[in-house]
Amino acid sequence: MDSMPTAALNQVLMNHVAMSENGIVVLDPNNVIVLHNATYAGMFGFAGLSMVGRTLGDLMTWMYQSQRGAKISYPTLETWLAYVHSKVRSAPVRRFETDLIDGRWLLSTEQTYPDGYVVMNSVDITSQKKMEFELKSALETLERLAHTDELTNIPNRRHFLGQLAQELSIAQRYGRPLCLAMLDLDHFKQVNDRFGHPAGDQVLRHFAAFLRSHVRAADVLGRVGGEEFAVLLPETALADALLVLRRSCAALGAERIDTVAPDFAYTFSAGVAQLPGGDGAINCSALIARADSALYRAKVGGRNQVAAWQAP
């Protein structure tokens, strides 16, 4: 079978470039654009214009000044051009993604030939990127749900216990103070019985938001049971932990949830246990048991108060 004449083959190749759904541009050894197809022009925002005879720098300058084509985050034209020129021809074959101002994404392949010419081929991958972003968002949502209490939007029991184990290990290793507080809403069953479970959910959400705004940024919150919450206070001695919790207890007295009932208020009780210095044997379960024991003392003592764990 006879081979296709060179002129005919060249014509086929030129037709392919002109009609391709991919954006194609060719640079000479001096980075002057010697060819680009209409698809490439449309992708980078200069449809109807010809950049043949212009340099790659001219094209990048035009995009930067006209705010078309590639999404550019560089603060000045000079830094943008320096970045582009540092990348072009940096490898015999280079692949990179570009997000465009109009929201599309491109995957480009740049091939540098021994004679100095460069061919860039750009493919629209917007649909693939959309799926990638959706998948990433879904995975992040699943990760958040796995560690977050759905009702109150604070860490759930599983995540809180993981944080407790981590912080306890650090405190024991370096001999640092740490306190754990267990909190329980007072007479919460009566709220559900009198006003209904939706009202009880309102109270739980309110308390989670209240805690978040009244504890310190470094403290860790968790909902560990129905109406039971926990606060982990790293790098905190018992006196300071009691101060934080007692201030919160007093502040809650001024809170009202009128959507539950006119002038509705509620209280909580708390028990606080400290990891004592040099007590390397205690584990998470034992520390929780101490805090629960202190919580029981607060309940028996009349509720709406904070009690510290005391050794038997």
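This text follows the structure it describes.
Residues numbered from 1 in each chain as written. Predicted model: local features only at pLDDT ≥ 70, side-chain atom pairs only at ≥ 80, totals over all residues. Heavy atoms only, no water.

Draft legend 1. A look at the overall build of the protein. Tallying secondary structure elements over the protein gives 10 helices and 10 strands in all. Relative to its 312 residues, the protein shows a buried fraction of 39%. Pairs at least 24 apart in sequence give 54% of the contacts found in the protein among residues at least 6 apart. As displayed, the protein offers around 17,300 Å² of accessible surface, 54% of which is attributable to carbon and sulfur atoms. Put simply, the protein has 29 plus and 32 minus side-chain charges, and the middle of one group is 6 Å from the middle of the other. (Helix = DSSP H or I, 4+ residues; strand = E, 2+ residues; numbered from the N terminus. Buried < 20%, exposed > 50% of the residue type's maximum accessible area, 1.4 Å probe, protein only. Contact = heavy atoms within 4.5 Å. Areas by Shrake-Rupley, 256 points an atom, 1.4 Å probe, with all protein chains shown as cover. Lys, Arg positive; Asp, Glu negative; His and termini not counted. Charge placed at Lys NZ, Arg CZ, Asp CG, Glu CD.)

Draft legend 2. Broad picture of the nonpolar core. Within the largest apolar cluster, 35 residues are counted, with the highest numbers of intra-cluster contacts made by Leu 183, Val 203, Phe 207, Leu 245 and Phe 268. Broken down by element, this core gets its largest block of residues, seven residues, from helix H8 (residues 197-214). Excluding residues within four positions of it along the chain, Phe 207 makes contact with Leu 183, Leu 185, Phe 229, Leu 252, Tyr 266 and Phe 268. Counting residues in each nonpolar core, the second largest holds 23 residues, with Met 60, Trp 62, Trp 80 and Val 88 among its members. (Core = buried A, V, L, I, M, F, W, Y, C linked by side-chain atoms within 4.5 Å.)

Draft legend 3. Geometry of a nonpolar patch on the surface. Judged by side-chain polarity, Met 4, Leu 9, Val 12 and Leu 13 come together as a nonpolar surface patch covering roughly 350 Å² of accessible area. Of note, Val 12 is situated in helix H1 (residues 6-19). (Patch = residues over 30% accessible without salt bridge, like charges linked within 9 Å, V, L, I, M, F, W, Y side chains within 5 Å. Salt bridge = Lys/Arg side-chain N within 4 Å of Asp/Glu carboxyl O.)

Draft legend 4. Here's a closer look at the state of the cysteines. Under the defined criterion, the tally for this structure stands at zero disulfides. No disulfide involves Cys 249; its sulfur sits 17 Å from that of Cys 179, the nearest cysteine. Taking relative accessible area as the criterion, Cys 249 reaches 9% and is therefore assigned buried. Looking at the unpaired Cys 284, the closest cysteine sulfur is the one in Cys 179, lying at 14 Å. (Disulfide = S-S within 2.5 Å.)

Draft legend 5. Spatial organisation of the packing of helix H6 (residues 157-174) against helix H10 (residues 284-300). In the contact formed by H6 and H10, the axes pass within 10 Å of each other and the chain directions differ by 105 degrees. Between H6 and H10, the angle is such that the two are roughly perpendicular. Contact residues: H6 offers Leu 161, Leu 164, Ala 165 and Leu 168, while H10 offers Cys 284, Leu 287 and Ile 288. Considered class by class, the residues forming the contact of H6 with H10 number seven nonpolar, no polar and no charged. (Axes fitted to C-alpha atoms, helices over the stretch in contact; angles between N-to-C directions. Parallel < 35°, antiparallel > 145°, perpendicular 65-115°, else oblique. Nonpolar A, V, L, I, M, F, W, Y, C, P; charged D, E, K, R; others polar.)

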